[in-house]
Amino acid sequence: MSLALDPELRTLLADMPLSTELTPEMLQLIRQMPSPPVRTDAGREDVTVGEIGLTVFRPKGITPTACVYWIHGGGMVMGDRFSQIDIPLQWLAELGVAVVTVEHRLAPEATGSTLVDDCYRGLLWTAENLGAEKLVVAGISAGGGLAAGVTLMARDLGGPEITAQVLVCPMLDHRNDSTSSRQHSGEPGVWTREMNEFGWRSVLGESTTVSRYVSPALADDLAGLPATYIDTGTAEVFRDEDVAYASRIWAAGGDAELHTWAGGFHGFDAIFPEAALSVRARRTRTEWLAAKLT
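Residues numbered from 1 in each chain as written. Predicted model: local features only at pLDDT ≥ 70, side-chain atom pairs only at ≥ 80, totals over all residues. Heavy atoms only, no water.

K.L.:
Explain the environment of alanine 142 to me, please; I cannot follow it from the model alone.
P.N.:
Tracing the backbone shows alanine 142 in helix α5 (residues 142–156). The buried category is assigned to alanine 142, whose relative accessible area is 1%. Taking the C-alpha atoms as reference, alanine 142 lies 16 Å from valine 243; in sequence the two are 101 residues apart. Apart from the residues lying within four places of it in its own chain, the contact partners of alanine 142 are His72, Gly73, Gly74, Gly75, Met76 and Met171. (Helix = DSSP H or I, 4+ residues; strand = E, 2+ residues; numbered from the N terminus. Buried < 20%, exposed > 50% of the residue type's maximum accessible area, 1.4 Å probe, protein only. Contact = heavy atoms within 4.5 Å.)

In structure tokens:
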């Protein structure tokens with residue numbers, strides 16, 4: 001079922017090559033594409049921690065008191081630590097935060113809890129080495145799901161203390177059976193139910209035991225989480241699982257803010273940041289984060 005898109009986004013999307021499915025052959029071609037250049041005047045340091053890479057960006061001329069730990073998107077099968085990096089770098093420029101972005105391993109080469117374990121290891125390094133008073137975990141799409149998983153791990157394993165989590169159109173539920181998932185099946189799109197199935201199958205294989213840290217929607221208890229920001233679009237596959245996650249945080253007595261942008265498709269503000277709806281979404285997210293870091 002085709003859902004109504006924001007008119008400006010619909011026009012922009014018309015020029016994009018879209019597909020219904022993601023195949024191993026397509027994945028290999030996508031992985032060969034270079035990442036966009038990183039545009040920032042911030043100081044940069046590259047670090048290796050075990051089998052993962054981290055890049056630290058620091059604003060020049062100030063000592064940041066807050067750090068954003070960023071996890072990139074890509075369906076758990078593609079992307080690198082510089083994917084969608086303009087989102088946290090905007091926070092660096094406007095809010096004066098440091099940014100640490102993690103290069104976790106990818107499925108299908110890495111499976112099970114490997115990806116979220118990589119991200120948690122990077123978070124521990126960040127907490128131990130950045131010296132920030134406030135630590136924010138943030139991610140987009142698959143990275144949003146991993147950010148939610150890492151935040152659950154930090155709660156359950158005794159740290160580090162997280163001030164807030166920012167989940168941008170997060171990939172939270174391996175069951176892939178919501179109404180919004182079914183609405184985005186059988187037609188080309190940015191991220192479809194079929195693509196989502198490919199991503200989850202790449203991570204989980206034939207396993208019937210799925211960790212709540214890998215698929216955070218499985219977590220029985222969402223109490224005790226830090227302040228949470230979730231945004232999604234009305235015309236995207238993850239809409240319903242994202243709304244459900246926010247609702248369950250409220251039900252557990254937690255602090256969550258949810259924005260479901262009318263006419264937004266998956267990752268719209270990452271793909272077309274200058275579109276009017278994208279500007280609104282980014283500004284709203286930044287204002288929320290600024291308030292939490294005050």
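K.L.:
What am I meant to see in the packing of aromatic side chains here?
P.N.:
Any aromatic ring pair is given by two values, namely how distant the centres are and how the planes are angled relative to each other. All chains considered together, the criterion is met by 3 aromatic pairs. Residues tyrosine 229 and tryptophan 288 carry aromatic rings whose centres are separated by 5.3 Å and whose planes lie at 55 degrees to one another, so their mutual orientation is tilted. Remark: tryptophan 288 occurs in helix α10 (residues 276–293) and tyrosine 229 occurs in strand β7 (residues 227–233); sequence separation between them is 59 residues. Since its relative accessible area comes to 7%, tryptophan 288 is described here as buried. When the ring of phenylalanine 265 is compared with that of phenylalanine 272, the centres are 6.2 Å apart and the planes differ by 85 degrees; the resulting orientation is edge-to-face. Note on phenylalanine 272: relative accessible area 15%, which makes it buried. (Phe/Tyr/Trp six-rings, centres within 6.5 Å; stacked < 30°, edge-to-face > 60°.)

K.L.:
How should I be thinking about the nonpolar core in this particular structure?
P.N.:
Inside soluble globular proteins, nonpolar side chains tend to come together where they are buried. In this structure, Leu54, Tyr69, Ile71, Leu123 and Tyr245 are the most contacted members of the largest nonpolar core, which totals 58 residues. Broken down by element, the residue count for this core peaks at 8 residues, all from α5. Ignoring any residue separated from it by four or fewer positions in sequence, one finds leucine 54 in contact with Glu45, Asp46, Val47, Val49, Tyr69, Arg81, Val100, Thr101, Val102, Gly122 and Trp125. Of all hydrophobic cores here, the second largest spans 34 residues; its members include Leu9, Ala66, Ala227 and Leu289. (Core = buried A, V, L, I, M, F, W, Y, C linked by side-chain atoms within 4.5 Å.)

K.L.:
Sorry, what's going on with the sheet that holds strand β8 (residues 256–261) here?
P.N.:
The mixed open sheet is built from 8 strands, whose spatial order is β1-β2-β4-β3-β5-β6-β7-β8. The sheet is open, and its two borders are formed by β1 (43–49) and β8, each paired with just one other strand. Pairwise comparison of adjacent strand axes, ignoring direction, gives a mean angle of 15 degrees for this sheet. In the sheet, strand β5 (residues 134–140) pairs with strand β6 (residues 164–168) via 5 bridges, with the strands oriented parallel. Residue pairing for β6: glycine 139 is matched across the bridge by leucine 167. Packed on one face of the sheet, α5 meets β3 (66–71), β5 and β6 and runs near 145 degrees to β5. (Pairing = 2+ DSSP bridges. Axes fitted to C-alpha atoms, helices over the stretch in contact; angles between N-to-C directions.)

K.L.:
Help me out: how do you make sense of the packing of helix α3 (residues 86–95) against α10 in this one?
P.N.:
In helix packing, the relevant descriptors are the interaxial angle and the interaxial distance, both defined with respect to the helix axes. For the pair α3 and α10, interaxial distance at closest approach is 11 Å and the crossing angle is 55 degrees. Judged on the interaxial angle alone, α10 and α3 are oblique. In the packing of α3 onto α10, the handedness of the crossing is right-handed. Packed against α3, whose contacting residues are Asp86, Ile87, Gln90, Trp91, Glu94 and Leu95, the element α10 presents Arg282, Arg285, Thr286, Leu289 and Ala290 at the interface. (Parallel < 35°, antiparallel > 145°, perpendicular 65-115°, else oblique. Left-handed = near helix turned anticlockwise from the far one by under 90°.)

K.L.:
Is there a simple way to explain the environment of valine 190 in this structure?
P.N.:
Tracing the chain through its elements places valine 190 in the loop between α6 (179–183) and α7 (193–204). With 112 residues separating them in the primary sequence, valine 190 and methionine 78 have C-alpha atoms 14 Å apart. Excluding residues that lie within four positions of it along the chain, valine 190 makes contacts with Leu13, Leu18, Met195, Phe265, His266 and Ile271.

K.L.:
Help me understand empty space enclosed by the protein in this model?
P.N.:
Vacant regions in the atomic arrangement are exposed by a probe of water-molecule size rolled over the atoms. One pass over the structure, following the stated rule, counts 1 cavity of 30 Å³ or more. What the largest cavity holds in volume is close to 40 Å³. In this structure, the largest cavity is lined by Val168, Cys169, Asp231, Thr232, Gly233, Glu236, Gly267, Phe268 and Asp269. (1 Å grid on protein atoms, 1.4 Å probe; cavity = no way out; pocket = protein on both sides within 12 Å on 5 of 7 lines; lining within 4 Å. Points joined across faces, edges and corners; volume = space filled by probe spheres on them.)

K.L.:
Quick question: what am I supposed to make of the layout of surface pockets here?
P.N.:
When its volume is computed, the largest pocket comes out at roughly 1,400 Å³. Forming the boundary of the largest pocket are 41 residues, of which Ile30, Met78, Ser83, Gln84 and Ile271 lie nearest the centre. With 4 residues, helix α2 (residues 24–31) is the single largest residue contributor to the lining of the largest pocket. Looking at the lining of the largest pocket residue by residue, the class counts come to 25 nonpolar, 12 polar and 4 charged. Volume-wise, the second largest pocket comes out at about 320 Å³. (Nonpolar A, V, L, I, M, F, W, Y, C, P; charged D, E, K, R; others polar.)

K.L.:
When you look at unusual backbone geometry in this model, what are you seeing that I'm missing?
P.N.:
A cis amide bond links alanine 107 with the next residue in sequence, proline 108, at an omega value of 5 degrees. By the secondary structure assignment, proline 108 is in the loop between β4 (98–103) and α4 (114–129). A positive phi angle, near 70 degrees, is found at methionine 76, a position not held by glycine. Considering the arrangement of structural elements, one finds methionine 76 in the loop between β3 and α3. When its relative accessible area of 2% is taken as the criterion, methionine 76 is described as buried. Here the phi dihedral of glutamine 84 falls at roughly 55 degrees; this positive angle occurs in a residue that is not glycine. In this fold, glutamine 84 is placed in the loop between β3 and α3.

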